[in-house]
Amino acid sequence: MTESQAMIGLDAVVKTYGRAPRIVHAVDGVSLRVDLGETLGIVGESGCGKSTLARMMLGLEPPTSGVMRVSGTDLRALDAGQRRRYRREVQAVFQDPYSSLNPRMRIASTLTEPLVVHRLYSANERRDRARAILERVGLPDDTLSRYPHEFSGGQRQRIAIARALILEPKLIVLDEPISALDVSIRAQVLNILADLRDAFGTGYVFIAHDLAAVATISDRIAVMYLGRIVEIGAAKDVAHDPAHPYTRMLFAAADPTAGTLPPQGEPPSPITPPAGCHFHSRCPFARPDCAAQAPALREVHGRLAACHYAESL
Amino acid sequence: MTAPLLEIEDLAVDATGSAGTVRILDGVSIGLGEGETLGVVGESGSGKSTLAAAIPRLLGPGLAISAGRMRLAGEDVMAMTPARLRRMRGAEVATILQDPLHSLTPWLRIGTQVAEPAVVHDRLSWKAAQARALDLLRGVWIPEPERRLRSYPHEMSGGMRQRVAGAVALSCAPRLLIADEPTTALDPTIQLQYLDLLKSLQREHGFALILITHDLGVVARTCQRVGVMYGGRFVETGTTAEVMERPRHPYTRGLIASMPRLRSAGSRSDRLAIIPGQPPVPGQMPPGCRFHPRCAQRFEPCDRDSPPAFDLGGDRRVACWLERESGT
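*Asks:* Got a minute to help me understand the sheet that holds strand β6 (residues 90-93) of chain A in this structure?
*Replies:* Two modes of strand pairing occur in sheets, parallel and antiparallel, and in both the strands are linked by backbone hydrogen bonds. Residues and elements named next belong to chain A. Spatially, β6-β7-β8-β3-β9-β10-β12-β11 is the arrangement adopted by the eight strands of the open sheet, whose pairing is mixed. Edge positions in the sheet fall to β6 and β11 (298-300), since each of these pairs with one other strand and no more. Between one strand axis and the next, the sheet turns through 25° on average, direction left out of account. Here strand β7 (residues 171-175) runs beside strand β8 (residues 203-207); their pairing, made up of five bridges, is parallel. Bridging across to β8, Leu 174 finds its partner in Phe 206. Contacts between helix α9 (residues 245-254) and the sheet are confined to β3 (39-43), β9 (220-225) and β10 (228-234), with β9 contributing the most and set at about 105° to the helix.

*Asks:* How should I be thinking about helix α4 (residues 123-136) of chain A in this particular structure?
*Replies:* Residue and element names in this part refer to chain A. Taking 1.5 Å as the rise per residue, α4 with 14 residues should run 20 Å; its terminal C-alpha atoms sit 20 Å apart, in good agreement. Along α4, the residues that are buried comprise Ala 130, Ile 133 and Leu 134. The buried residues of α4 all sit within an arc of 105° when viewed along its axis, so they share a single face. Of the residues in α4, the exposed ones pointing more than 90 degrees away from the buried face are Asn 124, Glu 125, Asp 128 and Ala 132. For α4, the secondary structure elements touched by its buried residues are α3 (107-117) and α5 (153-165). Directly beyond the C-terminal end of α4, a positive phi value near 80° is found at Gly 138.

*Asks:* Whenever I open this one, unusual backbone geometry confuses me. Can you help?
*Replies:* Most peptide bonds are trans, and most residues other than glycine sit at a negative phi. Residues and elements named next belong to chain A. With an omega dihedral of 5°, the bond running from Ala 20 to Pro 21 counts as a cis peptide bond. Residue placement: Pro 21 occurs in the loop between β1 (6-17) and β2 (24-35). If you check the backbone angles, Leu 226 has positive phi at about 45° while not being a glycine. Residue placement: Leu 226 occurs in the loop between β9 and β10. A residue is classified by how many C-beta atoms lie within 10 Å of it, and Leu 226, with 24 of them, is buried. A positive phi angle, close to 45°, is found at His 301, a residue other than glycine.

*Asks:* Teacher, can you tell me more about the interface of chain A and chain B here?
*Replies:* Accessible area lost when the parts come together is the quantity often used to give the size of an interface. Opposite the 34 residues of chain A that make contact, chain B presents 32 residues. Among the elements of the structure, α6 (183-200), α7 (211-217), α8 (235-240) and α9 of chain A are those that each provide at least two residues to the side of chain A that touches chain B. Residue composition of the side of chain A that touches chain B, grouped by class: 19 nonpolar, nine polar and six charged.

*Asks:* Explain the nonpolar core to me, please; I cannot follow it from the model alone.
*Replies:* Burial of nonpolar side chains together is a common tendency in soluble globular proteins. Judged by nonpolar contacts, the single largest core of 177 residues is most densely connected at Val 205, Val 223 and Ile 229 of chain A. Non-local contacts of Val 205 of chain A, meaning those with residues more than four positions away in its chain, are made with Val 34, Leu 40, Ile 42, Ala 54, Met 57, Leu 171, Val 173 and Leu 174 of chain A.

*Asks:* Before we go on, may I ask you to explain the environment of Asn 102 of chain A in this structure?
*Replies:* All names here are of chain A. Relative to the assigned elements, Asn 102 resides in the loop between β6 and α3. A tally of 13 C-beta atoms within 10 Å means that Asn 102 is categorised as partly exposed. Residues Asn 102 and Glu 125 lie 23 residues apart in sequence; the distance between their C-alpha atoms is 22 Å.

Thresholds applied
- Residues numbered from 1 in each chain as written.
- Chains lettered and ligands numbered in written order.
- Predicted model: local features only at pLDDT ≥ 70, side-chain atom pairs only at ≥ 80, totals over all residues.
- Pairing = 2+ DSSP bridges.
- Helix = DSSP H or I, 4+ residues; strand = E, 2+ residues; numbered from the N terminus.
- Axes fitted to C-alpha atoms, helices over the stretch in contact; angles between N-to-C directions.
- Contact = placed C-beta atoms within 7 Å.
- Expected span 1.5 Å × (residues − 1).
- Buried ≥ 20, exposed ≤ 12 C-beta atoms within 10 Å, placed from the backbone.
- Arc of directions from axis to C-beta.
- Nonpolar A, V, L, I, M, F, W, Y, C, P; charged D, E, K, R; others polar.
- Core = buried A, V, L, I, M, F, W, Y, C linked by C-beta atoms within 7 Å.

Have a look at this one:
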């Protein structure tokens, strides 16, 4: 695919918090692209930087360094009109459907507000669109006149998805959209997301710690560890035949039937990450030079992996 | 089954509030042998955490056991005096909760908290108890245990704190450990380590374990037996291998079928099997079988009569009218 089709492109993006000597490299030189209509899953343990990455894609945090492009244009160079369009084209769904909906607004207002903000359609058309989008996420008409507290967690998350969809965005960034939901409700929401993607061609960035859910919905998966991408490639390749030792450890932990690579140690502090390959302190295959030199992302068996010895493991 | 350590029969728990009385647990029966591991699976509102709190009779305000029998090693738990209950809770039945930040005291050093049960229950001196605490921390795989005795909970990671909670629970060699969602707040690789730790501790100390979780994967890894709860009742119990491979209750079947699987990676057109609707809320339980509004196989008796647990032999019990012919 050509560069023009990338909805979002990140080039050596860094995000740091705090000041010396306690600087956290939340995102430490990430380059990736999200193509139009594709679903990119991002996985990793807490503190790996996946939510910071999501916030940058949503324009909620500027990168400390590096370049983020939206439809090919540097985010910093967008004029007011382009910026408004970007805010319309990239929408968000967050983890907690209890805090992401305004408790004092009826669902009708919650759903139509984005249209009002972007000055789209007449009041009647806005209401029709709200009704139509609710039907898409499997909620009845009378939802419009109700308040968030009248709904269960799963229903609220459907409302949050409807709200993100009503602007017909090109990309929805979903940060842990199912982890607060009951097990029997998770499958419902995953199916709705898959149906909506088929109907509207919407792309997703899907962040979750439920690896099986990410593998099910994603076209590609990026695995992050302490601010860096350690592996990125087609969901099948990454989930079935992981190349990076960390990916192996992560996926073995998710699947009781998978060949196990028993996890060792805990993720180190992102303030003082290990030198060289960040993962070497927990890696059962680490050799002396892993502590000396950080491996670059390079092609290994049809995907990119950042490990000096990916081929020989 | 080995000698029964815990026998629960027809247990009911009621919640009383301004809106009246609501039954949270209803007709719960389960047994557990010495050294056995039982997984209790359920969604929110299924009553699994209420069951965890009811066994050591630690129900919160407004909750009370309203019917049923509970025996711990043959002794009637309902008839225990307050002094007997205190001894039972610390020394015989220990509990680990989801968030160790809530079960550990923030302003006490780890050493004090791990040593305290031995001082209270086993009448050890603080000095002897500290020595035992050091062993316990070593036993739950805490690196540099000598240094950690002097740490405070906030200085440790979530996984480390949960191991400390494990050390506190094990300090008086309980016969039964109840762990309520012990790994839910932990990262996947740390979850796996913790489950391995629990299993290895169990091999070493021989306690029976009740593991409460919403995650069937956790049960599959850890438990010999499983009980599936729905709407305040057990709908299916049996050995984990049997229940996971040949689930019989429509709810269990639906739950297992709806789990995303790694092997379905990257197939855009696939959809997960789903259970329609949502779990019932205590106080608004449907009549008859509580699962019937979501059940594709419901028939004439389901919305009227609550099915008893049919005994299918081989430790399998299923509360579903479909089993009326096959069970007893």
